[in-house]
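# Fold and contact review
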Amino acid sequence: MKTHRATRPRLLLAAFAAGSLLLATACGGDEKPAQDEAASAPASSAAAATPTATPTPTPTVKPTGADDPALKPFYGQQIAWAACPPDAKAAEQKIDLSLMKCGKLHVPLDYANPAGEAVDLALVKNPAAKADQKLGSLIVNPGGPGASGVETVKFGDKQFEGTLHNRFDVVGFDPRGTGESSPVLCLDDKQRDALNAEDGPLDQAEAKARSEKHAADFAAACQAKSGKLLPFVGTRNTARDLDVLRAAVGDQKLNYLGVSYGTYLGALYAEEFPKNVGRLILDGAVDPAAQALDTSLNQIIGFEKSFERFAVDCVEKHADECPLGRSSDKAAKKAADFLDGLRDKPLPTKDGRKVGSDLGWTGVTALLYGDEKTMWQYLRLSLLQAMKGGQGDALLAFADSYNGRDEKGHYSPESEALVAIRCADGASPAPSAEQAQQAVQKLQQEAPLLAKGVSVEDFSEGSCTNWPFKTPEKPHTVRAEGAAPILVVGTTGDPATPYAAAESLAQGFASATLLTRVGEGHAAFGSGNGCVDAAYAAYLTEGTLPAAGTKCS
């Protein structure tokens, strides 16, 4: 399973100022698509023009979905499914796309003004393997926000093998502002390289000034290149797109798999269209009621605990390939000290780039998304290469994958879409002095390795303070009264979306069951857990929910 978006507190707290707090999981291939030099779009698309100033968005009016006469042309559209165009990445990986179909979904840029401009969303469909037993479509969102559902279905098809693919057309889409759906564009590849390679200053005043400048420059760049899109890329609009897609594929009810941020999209869908909910699986849950600061702290602590468990596992069970010494109690600190030391002694790599502290920590973070049976082995070997061999190639490869950089140095637009969507979903004010001090104390106590050097200055700004569009969205509990029962899945050792978020999401719904996976890594889908897979299949095909309190080890 491929996942994204978390890092050291210094970077994560800088992301807090930009609004990019949540994590993603993309259940697809190991590479991300190259970012185009310029986004191409039909003349009717919102990306066809670049404004010099953000328009004032039409006041949001709650749509009535298919019952709204102004939306009927969108709900009544027929998707022109056709053979997918040649894909260089698929050819390179020898992936057969011949049975898959690609298409476009036409949706209004602004649902309060359906007669205005429109956006075309990229789609892919992997038709049900047993057409005579097909139950409908299973629409997938892999997280982010900003991850490509098209990539997930194309390159993660093995994760759907068996009951899911047998009984459903598996449909992926790139949400508005992402992938091939009028992506938000801000920085060029060289600018992204420079930012990712920087180890920020240790001096608090310098660090704050740098963070503020980067946030302001980034917001200005997004405004200049994608200003027209920014007010309309929020998750609530994507939930409305999801309902149009449900109708366009011919389903009366939505069957949906949302992972990580995809759980937030699924929750807002259930809130907007409770009567259209079919069978929703929300795996690796985001808590829609949580404040941004709490989400940030919980993520940092989650990764600290995962890092500590990895280090103990390395020493006690894999001593032959573990570079962290013989003491379980000191192993995590030894690794952290090494990674911190890369600020002064960066590692060389074959392509000439250097791996400093932030890139090194990013590579480690990326691997902590996986479980102890798969990605932890890559983490051991990456640290072995770095600590014993003095080479940073493995850590850099995983950091690049995490950052959306391909081997040619091109970046996917995922990171930029993440910020744009999060800022469209909700901005948070700066914590009070008391809240900031409490946050520092909590991190020093519960995440001393990842929070090394954290101070109240790291919490001196709110999120999205420089963003050109201000959203009315606020954290809130989603009840979804009248929706069919929903399946929420949480993993006890999930560092990115800690298990407590799954408990909170499930408790908030009017009707939901929580399934617990006991183990490591972010989300349960694609983990190879037979108990989880069986629960997925029973719920999606029969509507049978697992018994309350069910735990899958």
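A quick note: this is a predicted structure, and the numbers were derived from the prediction, not measured.

### Observations regarding the pattern of salt bridges
Taken as a whole, this structure holds 28 salt bridges when the rule is applied. If you follow the salt bridges from partner to partner, you end up with Asp-193, Asp-351, Arg-353, Asp-400 and Arg-405 in one network.

### Here's the deal with the pairing of strand S7 (residues 168–173)
Put simply, side chains in a regular strand alternate between the two faces of the sheet. Burial analysis of S7 places 6 of its 6 residues in the buried class, the great majority of the element. The alternating pattern of S7 places Phe-168, Val-170 and Gly-172 on one face and Asp-169, Val-171 and Phe-173 on the opposite face, and all of these are buried. Note: strand S5 (residues 118–126) against S7, 4 bridges, orientation antiparallel. Looking at the pairing, Leu-123 lines up with Phe-173 of S7.

### Some details on helix H15 (residues 414–425)
The terminal C-alpha atoms of H15, which comprises 12 residues, lie 16 Å apart, in line with the 16 Å expected from a rise of 1.5 Å per residue. The element H15 is extensively covered by neighbouring structure, given that 12 of its 12 residues are classed as buried. Every buried residue belonging to H15 is among Glu-414, Ser-415, Glu-416, Ala-417, Leu-418, Val-419, Ala-420, Ile-421, Arg-422, Cys-423, Ala-424 and Asp-425, and all of these are buried.

### Topic: the state of the cysteines
Here a disulfide denotes a covalent bond joining the sulfur atom of one cysteine to the sulfur atom of another. Taken as a whole, this structure holds 5 disulfides when the rule is applied. One disulfide in the model links Cys-186 with Cys-222; its S-S distance is 1.9 Å. Because the sign of the S-S torsion sets the handedness, a value of about 105 degrees for the bond joining Cys-186 and Cys-222 places this disulfide among the right-handed ones. Of this pair, Cys-186 sits in the loop between S7 and helix H6 (189–197) while Cys-222 is found in helix H7 (residues 204–226), placing the two residues 36 residues apart along the sequence.

### Here we look at the sheet that holds strand S6 (residues 136–141)
Spatially, the 10 strands line up as an open sheet ordered S3-S4-S5-S7-S6-S8-S9-S12-S13-S14, and their pairing is mixed. Because the sheet does not close on itself, it has two edges, and the strands there are strand S3 (82–83) and strand S14 (551–552). Here strand S8 (residues 254–259) pairs with strand S9 (residues 277–283) via 6 bridges, running parallel. Bridging from a neighbouring strand, Asn-255 pairs with Arg-279 of S9.

### Description of the packing of aromatic side chains
With the rule as written, the count across this model stands at 10 aromatic pairs. Judged by centre distance (5.2 Å) and plane angle (45 degrees), the rings of Phe-160 and Phe-525 are tilted. Highlighted residues: Phe-160 in the loop between helix H4 (149–155) and helix H5 (163–167) and Phe-525 in the loop between strand S13 (512–520) and helix H18 (530–542), separated in sequence by 365 residues. By relative accessible area, Phe-160 is classed as buried at 2%. Put simply, the rings of Phe-160, Phe-525 and Tyr-536 pair up and form one aromatic cluster. Sitting above the plane of the Phe-155 ring, Lys-89 keeps its charged end 4.1 Å from the centroid. If you follow Arg-422 out to its NZ or CZ, it ends over the ring of Tyr-264, 5.8 Å from the centre.

Criteria and thresholds
Residues numbered from 1 in each chain as written. Predicted model: local features only at pLDDT ≥ 70, side-chain atom pairs only at ≥ 80, totals over all residues. Heavy atoms only, no water. Salt bridge = Lys/Arg side-chain N within 4 Å of Asp/Glu carboxyl O. Buried < 20%, exposed > 50% of the residue type's maximum accessible area, 1.4 Å probe, protein only. Helix = DSSP H or I, 4+ residues; strand = E, 2+ residues; numbered from the N terminus. Pairing = 2+ DSSP bridges. Expected span 1.5 Å × (residues − 1). Disulfide = S-S within 2.5 Å. Phe/Tyr/Trp six-rings, centres within 6.5 Å; stacked < 30°, edge-to-face > 60°. Lys NZ or Arg CZ within 6 Å of the ring centre and 35° of its normal.

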